[in-house]
Amino acid sequence: MPFALTRAIPNTFANATMQVATAIDVALARTQHTQYVSALSFLDMVTRTLPADDQYPDCCFVEDCAVIANGAALITRPGAVSRRGETPAVRRALASHPLIERIEALDAPATLDGGDCMHIGDRMFVGRSLRTNEAGVARLRKMFHDLTIVEIPLAEVLHLKCVCSPLGEDRVLLARGTIPPEVFRGLDVVLIPNGESYAANCVAHAGKVILAEGYPETRTELEQRGIATIAIPMSEIRKADGSLTCLSLII
Ligand code: GLY
């Protein structure tokens, strides 16, 4: 059974580093986070939620703190200075997990955010965003030498997974007009309207998907392919430029 590590919403969440809208309702964000953790059980996952640390307003976005593939975990050095202190608690939690056989960490000047990394099959796609630099990608290549690393230049979005996310081992969900679909050669690319691009970030496992609420065309695209969906509210998480994958690390 897969395991999902999450981290609670801190009291300081309204001070999150990147914000796409103002007036974050922290209490409502907590309710939405609780719904998210419950939805992970729809995907048959075992969950563990780390306590929040109020020194780090973005600490609930655990995805950015590590990249996990094939039993190895690379602890990142987040591109935003305000987020660098988030990683030690995540490292401790992963180090005690029986499925993590190897754990290493990025050193300066490398920067890498987990939200820029997408592992599908034998490839790891990595977005070159403002958060992930050349040295970060080089370190990723070294750590995951058994995977083909595919670099994708990014503009206008915070992370690679703002516009795409895996739908299993051979399929990817992608917002039209963002990354050229040819980048995902050999995969079944499920394109959704650009107007629903927030829904391109989903959490998928075993033929089921957690989606953000309010994106009917995306939901239809998935259900037409026999994929069971559950849609949850994300309004407050989204205001902090967060989405579904940001809230967990899945082993
Ligand atoms: N607020 C999410 C981030 O800055 O990474």
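Preceding this section is the structure that the text describes.
Residues numbered from 1 in each chain as written. Predicted model: local features only at pLDDT ≥ 70, side-chain atom pairs only at ≥ 80, totals over all residues. Heavy atoms only, no water.

Caption draft 1: Representation of the packing of aromatic side chains. Evaluated as defined, the whole model comprises three aromatic pairs. Seen from their ring centres, Phe13 and Phe61 are 5.9 Å apart, and the 55° between their planes marks the pair as tilted. Taken together, the residues Phe13 in the loop between β1 (3–7) and α1 (26–42) and Phe61 in the loop between β2 (46–50) and β3 (66–69) connect sequence positions 48 residues apart. Owing to a relative accessible area of 2%, Phe61 belongs among the buried residues under this scheme. Judged by centre distance (4.9 Å) and plane angle (65°), the rings of Phe125 and Phe184 are edge-to-face. (Phe/Tyr/Trp six-rings, centres within 6.5 Å; stacked < 30°, edge-to-face > 60°. Helix = DSSP H or I, 4+ residues; strand = E, 2+ residues; numbered from the N terminus. Buried < 20%, exposed > 50% of the residue type's maximum accessible area, 1.4 Å probe, protein only.)

Caption draft 2: The environment of Thr76, seen in detail. The topology assignment puts Thr76 in the loop between β4 (72–75) and α2 (87–95). Residue classification places Thr76 among the buried positions, given a relative accessible area of 4%. With 148 residues separating them in the primary sequence, Thr76 and Gln224 have C-alpha atoms 37 Å apart. In contact with Thr76, other than residues within four places in its own chain, are Asp64, Cys65, Ala66, Val67, Thr87, Leu106, Leu112 and Gly114. (Contact = heavy atoms within 4.5 Å.)

Caption draft 3: Molecular detail of the state of the cysteines. Summed over all chains, the structure comprises zero disulfides. With no disulfide of its own, Cys164 has Cys162 as its nearest cysteine by sulfur position, at a separation of 9.1 Å. Accessibility expressed as a relative area gives 0% for Cys164, which makes it buried. Sulfur of Cys246: no disulfide; nearest cysteine sulfur belongs to Cys162 and is 6.6 Å away. The buried category is assigned to Cys246, whose relative accessible area is 6%. (Disulfide = S-S within 2.5 Å.)

Caption draft 4: Expanded view of empty space enclosed by the protein. Evaluated as defined, the whole model comprises one cavity of 30 Å³ or more. Lining the largest cavity, in full, are Thr17, Met18, Asp58, Phe61, Asp64, Arg83, Arg131, Leu158, His159, Ala240, Asp241 and Cys246. (1 Å grid on protein atoms, 1.4 Å probe; cavity = no way out; pocket = protein on both sides within 12 Å on 5 of 7 lines; lining within 4 Å. Points joined across faces, edges and corners; volume = space filled by probe spheres on them.)

Caption draft 5: Region of interest: the nonpolar core. In this structure, Phe13, Tyr36, Phe61, Ile210, Met234, Ile237 and Leu244 are the most contacted members of the largest nonpolar core, which totals 39 residues. Listed by contribution, the elements that provide at least two residues to this core are α1, β10 (171–175), β11 (188–192) and β13 (208–212). Here this core takes six residues from α1, the largest share from any one element. Tyr36 has contacts with Thr6, Val203, Ile232, Leu244, Leu247 and Ser248, leaving out every residue within four places of it along the chain. Residues Val67, Ala110, Leu112 and Leu147 belong to the second largest nonpolar core, which totals 16 residues. (Core = buried A, V, L, I, M, F, W, Y, C linked by side-chain atoms within 4.5 Å.)

Caption draft 6: View of the layout of surface pockets. As a volume, the largest pocket reaches approximately 780 Å³. In terms of lining, the largest pocket is formed by 30 residues, of which the most central are Ile68, His119, Pro166, Ile250 and Ile251. Taken together, the elements giving at least two residues each to the lining of the largest pocket come down to β3, β6 (117–120), β12 (203–205) and β15 (249–250). At four residues, the largest contribution of residues to the lining of the largest pocket is made by β3. Here the lining of the largest pocket is composed, by residue class, of 19 nonpolar, eight polar and three charged. Of the volumes computed, that of the second largest pocket is approximately 440 Å³. Along the wall of the second largest pocket there are 23 residues; nearest its centre are Glu156, Val157, Cys162, Val163 and Ser197. For the lining of the second largest pocket, a count of residues per class yields 13 nonpolar, seven polar and three charged. (Nonpolar A, V, L, I, M, F, W, Y, C, P; charged D, E, K, R; others polar.)

Caption draft 7: Seen up close, the side chain of Thr111. Its place among the elements puts Thr111 in the loop between β5 (102–105) and β6. Other than its neighbours up to four places away in sequence, Thr111 contacts Arg77, Pro78, Gly79, Arg84, Leu106, Arg131, Thr132, Asn133 and Gly136.

Caption draft 8: Focus on the side chain of Glu236. Within the secondary structure, Glu236 is located in helix α5 (residues 235–239). A polar contact of 2.8 Å, which involves the side chain of Glu236, links it to the backbone nitrogen of Asp25. Those residues in contact with Glu236, other than ones at most four positions away along the chain, are Phe13, Ala23, Ile24, Asp25, Leu28, Ala29 and Gln32. (Polar contact = N/O pair within 3.5 Å; in protein donor to acceptor, adjacent residues only side chain to side chain.)

Interpretation note: all reported values are geometric properties and have no functional meaning in isolation.
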